[in-house]
Amino acid sequence: MKSKKQIPLIIIAISVIIGFMLAVQFKSYNAHAKTDSKDISQIRQDLQKEMERHRRILTDISKYDQLLYEYENPLNHSDSLKVMKEELSRIKALGGLAEMEGSGLIITIQNTPVDEEDGGYLSTIFDDDLRYVVNELFGAGAHGISINGNRVTPTTAIRNVGDEIQMDTKIIRLPYEIKVVGDPNVLESAMKLRGFEEYFAIVNKKIIMKKLDKIVIPAYDGKGMIRYMKPVKEGS
Amino acid sequence: MWLPIIGLIIGVFLGFSSEITVPVEYRSYLSIAVLAALDTIFGGIRSYLENVFDIKVFMSGFFFNTLLAAGLAFLGVYMGIDLYLAAIFAFGVRLFNNLAVIRRIMIGRWFNDDTYRK
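This structure is a prediction, so every number in the text was calculated from the model and none was measured.

Here's the deal with the nonpolar core
Residues and elements named next belong to chain A.
Okay, step 1: By size, the foremost hydrophobic cluster in this structure holds 28 residues, and its most contacted members are Ile107, Ile109, Leu130, Leu137, Ile145, Ile147 and Ile178.
Okay, step 2: When contributions to this core are tallied by element, the ones reaching two or more residues are strand S1 (100–111), helix H4 (127–139), strand S2 (144–147), strand S5 (164–167), strand S7 (176–181), helix H5 (184–193), helix H6 (196–202) and strand S8 (205–217).
Okay, step 3: For Ile178, the contacting residues outside a window of four places in its chain are Leu105, Ile106, Ile107, Ile109, Leu130, Val133, Leu137, Ile145, Ser146 and Ile147.

What follows is the structure in structure tokens.
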């Protein structure tokens, strides 16, 4: 027989359990009902609202970016010179006129050993393929790319001339070593997602990807990249 | 008399402040268990007012009724019969019976009139 003192405790414990069950039931039912009872127009309205919010946040971001820019570019003369120099070197690196260093990916495209009769037409890589790879890499957030030591700049041409592929005017041959500076994981998954491995496997090429913490890609070594272009004078 | 109500309030508070939710497929079981538990607690109050309250009966009733109700619902799902209706019906009727008895007893006590008791 239980002692008299325990009885209130037991009653309280049981009613606490009941109350808990009740509240949980109530809550989970309500949570479900809320998502169910929305029809498409309400969802659309919500979407509209969220998009509005998104736009507002974006304008906020650009506002703060502007502010940050002003902070980073003080009107003080000696400082502003330094800032300008830094900006210039950053732009040079991005534009391919300076060496770039950082974490990234080395992609090697090489021939897989293959029987002679399988070779020929099917086993060549065209400029299209390389352009596609480069494009995807830039799309995946690459900051700089070089192929066999030739930096890819905004005006670099990759094209077939005869049976060879030329970058600008330099011939590049297999194996292609593509060095990419960027987030190695993102770059690698972008390559895998696009199915380049399978794609190149069809033409008997193998892609080897190596993630590195430090990659140096050279500067663009060509001259006269910009010949027919001049900055516009303000007010002219 | 007030203990169950205090306990209920504490329990509801705990339930709302916790982040637990029940998956959709188990919700019918929980609802029927809640019904059984409610029935038990009203039965407990009634027996307390009638001075026949026994903690052993109360406790066993709570667990047994709750599990039986959930079990019936579970069985019903597998048999293709809405067996949980039986539980809802039984507990619903008992709930109202218990409430009616509690009401009569309370009214009798309030007016000091014994004719309200059965």
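Continuing now.
Here's the deal with the packing of helix H2 (residues 27–49) of chain B against helix H3 (residues 55–79) of chain B
Residue and element names in this part refer to chain B.
Okay, step 1: Interhelical geometry of H2 versus H3 gives an angle of 155 degrees and a closest axis separation of 8 Å. It follows from the interaxial angle that H2 and H3 lie roughly antiparallel. The two elements H2 and H3 meet at a crossing, and its hand is right-handed. Along the contact surface, H2 presents Tyr29, Ile32, Ala33, Ala36, Ala37, Asp39, Thr40, Ile41 and Gly44, while H3 presents Phe58, Gly61, Phe62, Asn65, Thr66, Ala69, Ala70, Ala73, Phe74 and Val77.

So, the UniProt feature "transmembrane region" (unreviewed entry) in chain B
All names here are of chain B.
Okay, step 1: Under the UniProt annotation, "transmembrane region" (unreviewed entry) lies at residues 28–45, 57–77 and 83–102.
Okay, step 2: For residues 57–77, helix accounts for 100% and strand for 0%, while the C-alpha atoms at its two ends are 29 Å apart.
Okay, step 3: Within residues 83–102, the helical portion is 95% and the strand portion 0%, while the C-alpha atoms at the span's ends are 29 Å from each other.

Comments concerning the sheet that holds S7(A)
All names here are of chain A.
Okay, step 1: The antiparallel open sheet is built from 5 strands, whose spatial order is S3-S2-S7-S1-S8. A strand with exactly one partner marks an edge of an open sheet, and here the two such strands are strand S3 (150–151) and S8.
Okay, step 2: Where S1 lies against S8, 11 bridges are found, and the strand directions are antiparallel. Following the sheet pairing, Leu105 is matched in S8 by Lys211.
Okay, step 3: Together, S1, S2 and S7 form the strand contacts of H4, whose direction differs from that of S7 by roughly 15 degrees.
Okay, step 4: The sheet strands contacting H5 are S1, S7 and S8, and the helix crosses S8 at an angle near 165 degrees.

Considering the interface of chain A and chain B
Okay, step 1: Chain A puts 23 residues into the contact, and the matching count from chain B is 31 residues.
Okay, step 2: Buried surface at the junction of chain A and chain B, both sides included, amounts to about 2,600 Å², of which 84% is carbon and sulfur.
Okay, step 3: Its largest share of buried area at the contact with chain B, chain A owes to A:Ile18, A:Met21 and A:Lys27, together 21% of the area lost on that side.
Okay, step 4: Counting across the chain A and chain B interface gives 0 salt bridges.
Okay, step 5: Taken together, the links from chain A to chain B amount to 1 residue pair in polar contact (both at pLDDT 80 or more).
Okay, step 6: When its residues are assigned to classes, the side of chain A that touches chain B shows 17 nonpolar, 5 polar and 1 charged.

With respect to the sheet that holds strand S6 (residues 170–172) of chain A
Residue and element names in this part refer to chain A.
Okay, step 1: In space, the 3 strands of this open sheet follow the order S4-S5-S6, with antiparallel pairing throughout. Sheet topology places strand S4 (158–161) and S6 at the edges, where each strand pairs with a single neighbour. For this sheet, the mean angle separating the axes of adjacent strands, direction not counted, is 45 degrees.
Okay, step 2: Relative to S4, H4 is tilted by about 170 degrees, and along the sheet it contacts S4, S5 and S6.

Focus on the pattern of salt bridges
Residue and element names in this part refer to chain A.
Okay, step 1: Applying the stated criterion to the full structure yields 11 salt bridges over all chains.
Okay, step 2: Put simply, Asp127 and Arg131 hold a salt bridge, and the shortest N to O gap is 3.6 Å. Linking Asp127 with Arg131, this pair stays in helix H4, spanning 4 residues, or about one helical turn.
Okay, step 3: Overall, Asp127 belongs to the buried group, its relative accessible area being 13%.
Okay, step 4: When its relative accessible area of 36% is taken as the criterion, Arg131 is described as partly exposed.
Okay, step 5: Across the salt bridge formed by Asp128 and Arg131, the nearest N and O atoms sit 2.6 Å from each other. Here Arg131 and Asp128 lie together in helix H4, a separation of 3 residues that amounts to about one turn.
Okay, step 6: Asp128 sits in the partly exposed class, given a relative accessible area of 46%.
Okay, step 7: Among the charged side chains, a salt-bridge network with shared partners connects Asp127, Asp128 and Arg131.

Conventions we followed
- Residues numbered from 1 in each chain as written.
- Chains lettered and ligands numbered in written order.
- Predicted model: local features only at pLDDT ≥ 70, side-chain atom pairs only at ≥ 80, totals over all residues.
- Heavy atoms only, no water.
- Core = buried A, V, L, I, M, F, W, Y, C linked by side-chain atoms within 4.5 Å.
- Buried < 20%, exposed > 50% of the residue type's maximum accessible area, 1.4 Å probe, protein only.
- Helix = DSSP H or I, 4+ residues; strand = E, 2+ residues; numbered from the N terminus.
- Contact = heavy atoms within 4.5 Å.
- Axes fitted to C-alpha atoms, helices over the stretch in contact; angles between N-to-C directions.
- Parallel < 35°, antiparallel > 145°, perpendicular 65-115°, else oblique.
- Left-handed = near helix turned anticlockwise from the far one by under 90°.
- UniProt positions renumbered as here; feature names shortened; annotations may be inferred.
- Pairing = 2+ DSSP bridges.
- Buried area = accessible area lost by both parts, 1.4 Å probe.
- Salt bridge = Lys/Arg side-chain N within 4 Å of Asp/Glu carboxyl O.
- Polar contact = N/O pair within 3.5 Å; in protein donor to acceptor, adjacent residues only side chain to side chain.
- Nonpolar A, V, L, I, M, F, W, Y, C, P; charged D, E, K, R; others polar.

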